Every structure is written in C-alpha cells, then in structure tokens.
Amino acid sequence: DTAVSQTPKYLVTQMGNDKSIKCEQNLGHDTMYWYKQDSKKFLKIMFSYNNKELIINETVPNRFSPKSPDKAHLNLHINSLELGDSAVYFCASSQQTSGSRKETQYFGPGTRLLVL
Amino acid sequence: AQSVAQPEDQVNVAEGNPLTVKCTYSVSGNPYLFWYVQYPNRGLQFLLKYITGDNLVKGSYGFEAEFNKSQTSFHLKKPSALVSDSALYFCAVRDMYSNDYKLSFGAGTTVTVRA
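Thresholds, definitions, all that
- Within any chain, residue numbers begin from 1 and follow the written order of that chain's sequence.
- Here every chain gets a letter starting at A, and every ligand a number starting at 1, in the order they are written.
- Where local features are concerned, this predicted model is filtered to residues with pLDDT of at least 70; where side-chain atom pairs are given and counted, the filter is 80 or more; whole-chain, interface and lining totals use all residues.
- Values reported for side chains reflect all heavy atoms of the structure, with hydrogen atoms and water molecules removed beforehand.
- Put simply, DSSP marks the helices as runs of H or I at least four residues long and the strands as runs of E at least two long, and each gets a number from the N terminus on.
- C-alpha atoms define the radius of gyration in this analysis, and the globule rule sets the expected value at 2.2 Å times the number of residues to the power 0.38.
- Whether a residue is buried, partly exposed or exposed follows from its accessible area with a 1.4 Å probe, protein chains only, as a fraction of its type maximum: under 20%, in between, or over 50%, in that order.
- We call two residues in contact whenever any of their non-hydrogen atoms come within 4.5 Å of each other.
- Methods summary: accessible areas were calculated by the Shrake-Rupley approach with a probe of 1.4 Å, and residue burial reflects only the protein chains presented.
- Note that His is not counted, nor are the chain ends; the positive residues are Lys and Arg, and the negative ones are Asp and Glu.
- For this purpose, a charge sits on NZ of Lys, CZ of Arg, CG of Asp or CD of Glu.
- Accessible area that two parts lose when put together, evaluated with a 1.4 Å probe and summed over both, is termed the buried area.
- For this document, the term salt bridge refers to a Lys or Arg side-chain nitrogen within 4 Å of an Asp or Glu carboxyl oxygen.
- Two N or O atoms count as a polar contact when they lie within 3.5 Å, although within protein this holds only if one can serve as hydrogen donor and the other as acceptor, and sequence-adjacent residues are included solely when both atoms are side-chain atoms.
- Each residue gets one of three labels, nonpolar for Ala, Val, Leu, Ile, Met, Phe, Trp, Tyr, Cys and Pro, charged for Asp, Glu, Lys and Arg, and polar for the others, Gly among them.
- Whether two strands pair depends on DSSP finding at least two bridges between them.
- Helix axes are fitted to C-alpha atoms over the stretch in contact, other axes to C-alpha atoms as well, and angles between N-to-C directions run from 0 to 180 degrees.
- Only a pair of cysteine sulfur atoms within 2.5 Å qualifies as a disulfide here.

**Comments concerning the overall build of chain A**
Right, on to step 1. Along chain A, the regular secondary structure elements total zero helices and eleven strands.
Right, on to step 2. Reading chain A from its N terminus to its C terminus gives the helix and strand order β-β-β-β-β-β-β-β-β-β-β.
Right, on to step 3. Against the compact-globule benchmark of 13 Å for 116 residues, chain A has a radius of gyration of 14 Å, which places it among compact chains.
Right, on to step 4. Within the span of chain A, comprising 116 residues, buried residues form 46% of the whole.
Right, on to step 5. Look at the contacts in chain A between residues 6 or more apart in sequence, and 55% of them connect residues 24 or more apart.
Right, on to step 6. Put simply, chain A shows about 5800 Å² of open surface, and 50% of that area lies on carbon and sulfur atoms.
Right, on to step 7. Here chain A contributes 14 positive and 11 negative side-chain charges, whose respective centroids are spaced 4 Å apart.

Laid out in structure tokens, this is it:
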C-alpha cells in the first residue's frame, strides 16, 4: 500500500500554463508538506499544513498556492508557470502529536515538472 | 534559526569497507535529527532519527548514527558498505522548540560504493 502518493509523476508543460499536483497520504498523519528539489538536489520546504491549517509558508512566489481539502490531501496549484519552476516537487506527511517520539516525515515519490 | 552542514559532496568507498557520511547541525534549542536516503529518480526514504535517549541510533539497512552534542554532529555510519548503498544521503534537523515542524536539510552527500 502506498503511504504518500503524488499525481502526476511527470508533468511537461509550456511557460504560462497553470497546473496542479495532487498529494494523498493514507498514514492518518495530521501534517503535510510540499518541498522543492532543484537541479542541484537541494531540498527546500515550501508549505506545510497541520490539521488543514497553513503553518509554514516560506518565501515562495504567490503563483504557488497550496490547498488542503482535508487532512489526507494537500494539493499544489501553480499559476503562470516559468522556466525556473522546473524541479522535482515532493509531498511529505508526519504525525506531530505533542510529546510523541514520532516526527518522522514520510515522502512521496515526487513529481518531475519540466516547463518548456 | 536551524541549519545543517554536510561537508562532503561525495564519499567513495570500496564494498566491504566502513562508510561514514558527516553531518553537523546548528539549532537554538535542542535538535531532532534525521537521515534520509534518495535513490535515483526516487523519493526520500527515512533511515533513522534521534529525538532523545541513547546517543547511538540504529536504523534501516544496517545504518547507525551517533548524536554528539558537544561537537553538534550526527554522522551516519555503516560498518560494511554494499554497492546497493550507492545513493544520495540527506541529513536534516528540526529545533525541538520550533512550532512549525519545519525540517532543514543539508545539501546532500553522494555515496558511491565500488565493487
């Protein structure tokens, strides 16, 4: 059973288009994240939702908008795609129960976005 | 503020030899520390973590790491490396007292194990 899944796995699109990436986790976690991995493999947090509430919103262009319809889903919508948006986008989830020894973030397989 | 440094971009070892991947961290409070591995065209897989307790942490695939508070380090080790351990390894840290659960990742270390 897939724990954290993302769709699509690959996304090739033209500059200026709008696209969405979907993420679902079946781990029962209360916190979900979006990361961007650039061509040098550097990983950077973009957004995080805890119980559907936005708790991390890093310095990301406002063309990127996350949406969490429920605790198991966190989608990423990107408007007016630019060449520099080409990257691998990873979704992750964790259980952030206070005082627990959990904390581990589990990652999805990634969405490889190429903007032409 | 929190950050992680992985001082080596690449580590090359022969199969059967010990493998060490270095990581140092900086946090304002106490750290939660993690190691992840990424195989080509795959997502990140969790290897092990230090939250509290014993400084020596054992994880998946025979890996272990030692938390050293005085040296602010959390080096990843494996006594006998396999060719299949060749991958990209990430160290990550979170400040225990942060309220946003954000992980800060190092730049990654590429491990190559030659047969």
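**Re the interface of chain B and chain A**
Right, on to step 1. Taken residue by residue, the interface counts 22 residues in chain B and 23 residues in chain A.
Right, on to step 2. In total, about 1900 Å² of surface goes out of reach between chain B and chain A, with carbon and sulfur atoms giving 56% of it.
Right, on to step 3. Applying the counting criterion to the chain B and chain A interface returns one salt bridge.
Right, on to step 4. In this structure, Lys102(B) and Glu58(A) form a salt bridge, with 3.5 Å as the shortest nitrogen-oxygen distance.
Right, on to step 5. Across the contact surface, chain B and chain A share six residue pairs in polar contact (both at pLDDT 80 or more).
Right, on to step 6. Of all the elements in the fold, those that place two or more residues in the side of chain B that touches chain A are strand E5 (31–38), strand E6 (44–50) and strand E10 (87–95) of chain B.
Right, on to step 7. The residue inventory of the side of chain B that touches chain A, partitioned by class, reads twelve nonpolar, five polar and five charged.

**What about the pairing of strand E11 (residues 111–115) of chain A?**
All names here are of chain A.
Right, on to step 1. With four of five residues buried, E11 is to be regarded as a mostly interior element.
Right, on to step 2. Direction of pairing for strand E9 (residues 87–94) relative to E11: antiparallel, over a ladder of three bridges. What sits directly across from Val88, in E11, is Arg112.

**Side note on the sheet that holds strand E3 (residues 19–25) of chain A**
Residue and element names in this part refer to chain A.
Right, on to step 1. In spatial order, the strands read E1-E3-E8-E7; together these four strands make up an open sheet with antiparallel pairing. The sheet is open, and its two edges are formed by strand E1 (4–7) and strand E7 (64–70), each paired on a single side. With direction set aside, neighbouring strand axes in the sheet form an average angle of 20 degrees.

**Comments concerning the pattern of salt bridges**
Right, on to step 1. Summed over all chains, the structure comprises six salt bridges over all chains.
Right, on to step 2. Its salt-bridge partner being Glu64(B), residue Lys58(B) comes within 2.9 Å of it at the nearest N-O pair.

**Points about the side chain of Thr109(B)**
Residues and elements named next belong to chain B.
Right, on to step 1. Along the chain, Thr109 turns up in strand E12 (residues 109–114).
Right, on to step 2. Of the residues examined, Thr109 reaches a relative accessible area of 0% and is grouped as buried.
Right, on to step 3. Polar contacts involving the side chain of Thr109 include one to the side chain of Gln6, which spans 3.1 Å.
Right, on to step 4. Once residues within four sequence positions are removed from consideration, Thr109 is found in contact with Gln6, Glu8, Asp9, Gln10, Val11, Val21, Ala87, Leu88 and Tyr89.

**What to know about the state of the cysteines**
Right, on to step 1. In the structure shown here, the tally under the stated rule is two disulfides over all chains.
Right, on to step 2. Here Cys23(A) engages in a disulfide with Cys91(A); their sulfurs sit 1.9 Å apart. Measuring the twist about the S-S bond at about -75 degrees, one finds the Cys23(A)-Cys91(A) disulfide to be left-handed. Of this pair, Cys23(A) sits in strand E3 while Cys91(A) is found in strand E9, placing the two residues 68 residues apart along the sequence. Take Cys23(A) and Cys91(A): they sit in the same class, and that class is buried.
Right, on to step 3. One disulfide bridge connects Cys23(B) with Cys91(B), the sulfur atoms lying 2.0 Å from each other. Every disulfide takes its handedness from the sign of the S-S torsion; for Cys23(B) and Cys91(B) that torsion is -60 degrees, giving left-handed. On the criterion of sequence distance, the pair formed by Cys23(B) in the loop between strand E3 (19–21) and strand E4 (24–26) and Cys91(B) in strand E10 is long-range, its members being 68 residues apart.
Right, on to step 4. Since its relative accessible area comes to 0%, Cys23(B) is described here as buried.

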